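Next come the chains, spelled out residue by residue.
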Amino acid sequence: GMLLCMLLLSPLLLLLPARGVKSHEQELAELSVWDDMPESVNHWAIWSALLAALVFFIGTSAVWAFMERLGSNAGYNPQSVAGLLAVSLVFATMGSLGSAALGKKFGNARPFLVCLLAVLCALLILGTAENFAAYAIGCCVFTAAFGAGLPFAVAEIAELDVDGRYAVLSVPAIGLGAMIGPGTAGLVYTGDSPVAILSLVAVTMIVAAVLVGFAQQRKHS
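## Brief notes about helix 6 (residues 109–128)
And step 1. For helix 6, built from 20 residues, the straight-helix expectation of 28 Å at 1.5 Å per residue is met to within 8% by its first-to-last C-alpha distance of 29 Å.
And step 2. Listed in full, the buried residues belonging to helix 6 are Ala109, Pro111, Phe112, Cys115, Leu116, Val119, Ala122, Leu123 and Leu126. Buried residues along helix 6 cover an arc of 160 degrees about the axis, so they all sit on one side. The exposed residues of helix 6 that point more than 90 degrees off its buried face are Arg110, Val114, Leu117, Leu124 and Thr128.

## Digging into the pattern of salt bridges
And step 1. A full pass over the atoms with the stated rule returns two salt bridges.
And step 2. One salt bridge connects Glu68 with Arg69, and the closest N-O pair in it is separated by 3.7 Å.
And step 3. Its relative accessible area of 38% is what places Arg69 among the partly exposed residues.
And step 4. A salt bridge links Lys104 to Glu159, with the nearest nitrogen and oxygen atoms 3.6 Å apart. You can see Lys104 sitting in the loop between helix 5 (78–102) and helix 6 and its partner Glu159 sitting in helix 7 (residues 132–160), a full 55 residues away along the chain.
And step 5. Accessibility expressed as a relative area gives 60% for Lys104, which makes it exposed.

## Things to note about the nonpolar core
And step 1. Within the largest apolar cluster, 52 residues are counted, with the highest numbers of intra-cluster contacts made by Phe56, Met67 and Tyr135.
And step 2. Put simply, the parts of the chain that give this core at least two residues each are helix 3 (39–65), helix 4 (67–73), helix 5, helix 6, helix 7, helix 8 (170–188) and helix 9 (195–220).
And step 3. Met67 has contacts with Leu85, Leu126, Tyr135, Cys139 and Phe142, leaving out every residue within four places of it along the chain.

## Description of the packing of aromatic side chains
And step 1. Taken as a whole, this structure holds ten aromatic pairs when the rule is applied.
And step 2. Each ring, one from Phe142 and one from Phe146, has its centre 5.9 Å from the other, and the planes form 45 degrees; the classification is tilted. Of this pair, Phe142 and Phe146 both sit in helix 7, four residues apart, which is roughly one turn of that helix.
And step 3. Judged by relative accessible area, Phe146 falls into the buried class, the value being 15%.
And step 4. Three or more aromatic residues link up through ring pairs in this structure, and these residues are Phe56, Phe57, Phe112, Phe142 and Phe146.

## What to know about a nonpolar patch on the surface
And step 1. On the surface, Leu4, Leu8, Leu9, Leu12 and Leu15 cluster together into a nonpolar patch covering about 570 Å² of accessible area.
And step 2. One can find Leu4 in helix 1 (residues 2–9).
And step 3. Classification of Leu4 as exposed rests on a relative accessible area of 53%.

## Considering the environment of Phe146
And step 1. Taking the C-alpha atoms as reference points, Phe146 and Val119, separated by 27 residues in sequence, lie 7.2 Å from one another.
And step 2. Discounting residues that sit within four places of it in the chain, Phe146 has contacts with Phe56, Phe57 and Thr60.

Analysis parameters
Residues numbered from 1 in each chain as written. Predicted model: local features only at pLDDT ≥ 70, side-chain atom pairs only at ≥ 80, totals over all residues. Heavy atoms only, no water. Helix = DSSP H or I, 4+ residues; strand = E, 2+ residues; numbered from the N terminus. Expected span 1.5 Å × (residues − 1). Buried < 20%, exposed > 50% of the residue type's maximum accessible area, 1.4 Å probe, protein only. Arc of directions from axis to C-beta. Salt bridge = Lys/Arg side-chain N within 4 Å of Asp/Glu carboxyl O. Core = buried A, V, L, I, M, F, W, Y, C linked by side-chain atoms within 4.5 Å. Contact = heavy atoms within 4.5 Å. Phe/Tyr/Trp six-rings, centres within 6.5 Å; stacked < 30°, edge-to-face > 60°. Patch = residues over 30% accessible without salt bridge, like charges linked within 9 Å, V, L, I, M, F, W, Y side chains within 5 Å. Areas by Shrake-Rupley, 256 points an atom, 1.4 Å probe, with all protein chains shown as cover.

Right, dumping it as structure tokens:
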């Protein structure tokens, strides 16, 4: 159903404005910056950041879709797992609020890379958890990093998008990630071991880090 909606709505992309609407003062301030930068370099940076957000959401949505299944197959009480997932959403909210509190104090790329590292640590904990407490820690670390990382990814896209044409594409990037991630995870997850799905997500985190690094290199070149 989601794929069908995407197909039906995709022709509306042709109606997107050529540029965003900004104040006259902003246009004058940014116009000189835009003119001084090679257009291809800025576009490469923006598309790399968009792909980073897409890949990040592919990986994180893949884990989240099967988090309950990971706990159930490990033999943990289903009611305890369900309660934990509800609590973990609080950590996701705390992560997002933490991103808002930090703002641009450390930029967007560096905090995003820290979030990717935190996701990798959470995957390691989930893959080696021998009891419910370890599983709970991994779950909460993952959701906190998930909630904190996404705002930084979108903020980086908005910062790179000098004339306001591409920031809106972060929404379909997240939507596509939400569709691709769980489906791909379902193909590789057999239920016997979480290694395959966790390894897949680890690869997406590494790819997202490379894409953000590339965007930063293009941004400052």
